[in-house]
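# Structural description and commentary
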Amino acid sequence: ASSPDTDTICRFFFADMDEGSRRQLNLDTALRRALERNEFILHYQPQLDLSTGRIIGAEALLRWQSRDYGLVSPLNFIPLLEENGMINTIGEWVLQEACRLNRKWQDEGLPPLRMAVNLSARQFHGGDIPNIVKRTLEKTGLEPQWLELELTESIVLMDADKVIRTMHEISAEGIGFALDDFGTGYSSLSYLQRLPVARIKIDKSFVANLTSNPSDAAIVRAVVGMAHSLGLKVIAEGVETEGQLGFLRGINCEEIQGYLFSRPLPADDFTLLLREGRSIPPKQIEKPERVL
Ligand code: C2E
Ligand code: MG
Ligand code: MG
Ligand code: MG
């Protein structure tokens, strides 16, 4: 049996609580209590380099291990944390915990990985994110090149000038950015060159129908081509089948993340995966055609 994760999490447990402000109040209280009880945890999902077949990174994904509700998906509570401002406190904890673990892996002599951490809009606008990130690296002793911040297009577009300035400030410290859920937002390509992003993450909704829907295949192919011509790398999220993997290899997508290789895992399980050195077959080097 695989570890419990988003599929087995009760995604809709808030559905029957639709009682306006009373509901809001209850959830706020439950979330504050969750924080006090240390019920927020991180799972980590491997990111694989297709040229070597090896794990090259991890994405930290927040979960609420609730005494009352079980393992709760972030889709259920992140919007609430954003609304009530708790995302700033919890986001800071996420950063610190993810950096701490990544440093610990390095200290144990495991091959160094990039740790990806998601940031939400409010974290970016509210607090002093450049300083928070900088302090976290100092505190945990993680070097900046091993941290990557994931940001959605919509965050950038919300307040482009301010966000871009802040991104450059963070990037100057040597920390990389990936553009998450790419293709789901406004997707104007012109602003991409203004952003200090190293990587585009193709949204899993396009990956899902890659082998059955020609227009999704065309979109993914175009995004990869465009990214490459702008000097950006591409990671595809939500890769679940060999067919999707084969397609992505064929168009020279650099990296993948998805259930095909692994679901998001608790820290200890991820550590075992790293120790085992599990991988997928590396890119086939094409044999030169024989001339007859
Ligand atoms: P995301 O950043 O786009 O993360 C990828 C989501 O895709 C994760 O959902 C992951 O579990 C899921 N996923 C990965 N591989 C597959 C696959 O092969 N098939 C399918 N169907 N799904 C796959 P998750 O963990 O439920 O997170 C949902 C969203 O919540 C994230 O989307 C991110 O936007 C947000 N989130 C999670 N953790 C944090 C956090 O610490 N801070 C912030 N601000 N947002 C977070
Ligand atoms: Mg992400
Ligand atoms: Mg994503
Ligand atoms: Mg997504």
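Residues numbered from 1 in each chain as written. Chains lettered and ligands numbered in written order. Predicted model: local features only at pLDDT ≥ 70, side-chain atom pairs only at ≥ 80, totals over all residues. Heavy atoms only, no water.

## What about the coordination of the magnesium ion (ligand 3)?
Put simply, the ideal angle at a metal is 109.5 degrees for four donors in tetrahedral geometry and 90 or 180 degrees for six donors in octahedral geometry. At 2.1 to 2.7 Å from the magnesium ion (ligand 3) lie its protein donor atoms, namely Asp180 (OD), Asp181 (OD), Glu237 (OE) and Glu237 (OE). Of note, the donors binding the magnesium ion (ligand 3) are all from one chain and are spaced D-D-x55-E. Separating the magnesium ion (ligand 3) from the magnesium ion (ligand 2) is a gap of 4.0 Å, which Asp180 spans by donating to each of them. On the criterion of sequence distance, the pair formed by Asp181 in strand β6 (residues 176-182) and Glu237 in strand β8 (residues 233-237) is long-range, its members being 56 residues apart. Here Glu237 falls in the buried class, since its relative accessible area comes to 8%. (Donors = N, O, S within 2.8 Å, 3.2 Å for Na, K, Ca; no water. Helix = DSSP H or I, 4+ residues; strand = E, 2+ residues; numbered from the N terminus. Buried < 20%, exposed > 50% of the residue type's maximum accessible area, 1.4 Å probe, protein only.)

## With respect to the nonpolar core
Nonpolar side chains tend to gather and get buried jointly when the protein is soluble and globular. Ranked by size, the top nonpolar core spans 83 residues in total, and within it Phe124, Leu147 and Leu149 carry the most contacts. Take this core: its biggest share by element is nine residues, from helix α3 (residues 86-107). Not counting the four nearest positions on each side in its chain, Leu149 is found in contact with Leu95, Val117, Leu119, Val133, Ile170, Ile175, Gly176, Phe177 and Ala178. (Core = buried A, V, L, I, M, F, W, Y, C linked by side-chain atoms within 4.5 Å. Contact = heavy atoms within 4.5 Å.)

## As for the packing of α3 against helix α5 (residues 129-140)
Between α3 and α5, the least distance of the axes is 9 Å, while the angle of their chain directions is 35°. Where α3 crosses over α5, the handedness of that crossing is right-handed. In this structure, α3 contributes Glu92, Leu95, Gln96, Cys99, Arg100 and Arg103 to the contact, and α5 contributes Ile132, Val133, Arg135, Thr136, Leu137, Lys139 and Thr140. A per-class count over the contact of α3 with α5 returns five nonpolar, three polar and five charged. (Axes fitted to C-alpha atoms, helices over the stretch in contact; angles between N-to-C directions. Left-handed = near helix turned anticlockwise from the far one by under 90°. Nonpolar A, V, L, I, M, F, W, Y, C, P; charged D, E, K, R; others polar.)

## Considering the confidence of the model for the protein chain
Residues at a pLDDT of 70 or more form 87% of the protein chain, whose mean pLDDT is 89. Here residues 1-13 is a poorly scored stretch, pLDDT under 50, and it has 30 contacts once near neighbours within four places are set aside; other chains count. (pLDDT = per-residue confidence, 0-100.)

## Topic: the site of ligand 1
Surrounding ligand 1, one finds 26 residues, the nearest of these being Arg63, Asn118, Asp180, Glu240 and Tyr259. Within the side chain of Glu59, an N or O atom sits 3.0 Å from an oxygen atom of ligand 1. Separating an oxygen atom of ligand 1 from a backbone N or O atom of Tyr259 is a distance of 2.8 Å. Contact with the protein chains hides 89% of the accessible area of ligand 1, taken as 800 Å² for the molecule alone. Residue assignment for the shell around ligand 1 shows that the elements contributing at least two residues are β2 (55-66), α2 (74-84) and β6. No other element matches β2, which puts four residues into the shell around ligand 1. Grouping the constituent residues of the shell around ligand 1 by class yields ten nonpolar, eight polar and eight charged. (Near = heavy atom within 4 Å. Polar contact = N/O pair within 3.5 Å; in protein donor to acceptor, adjacent residues only side chain to side chain. Areas by Shrake-Rupley, 256 points an atom, 1.4 Å probe, with all protein chains shown as cover.)

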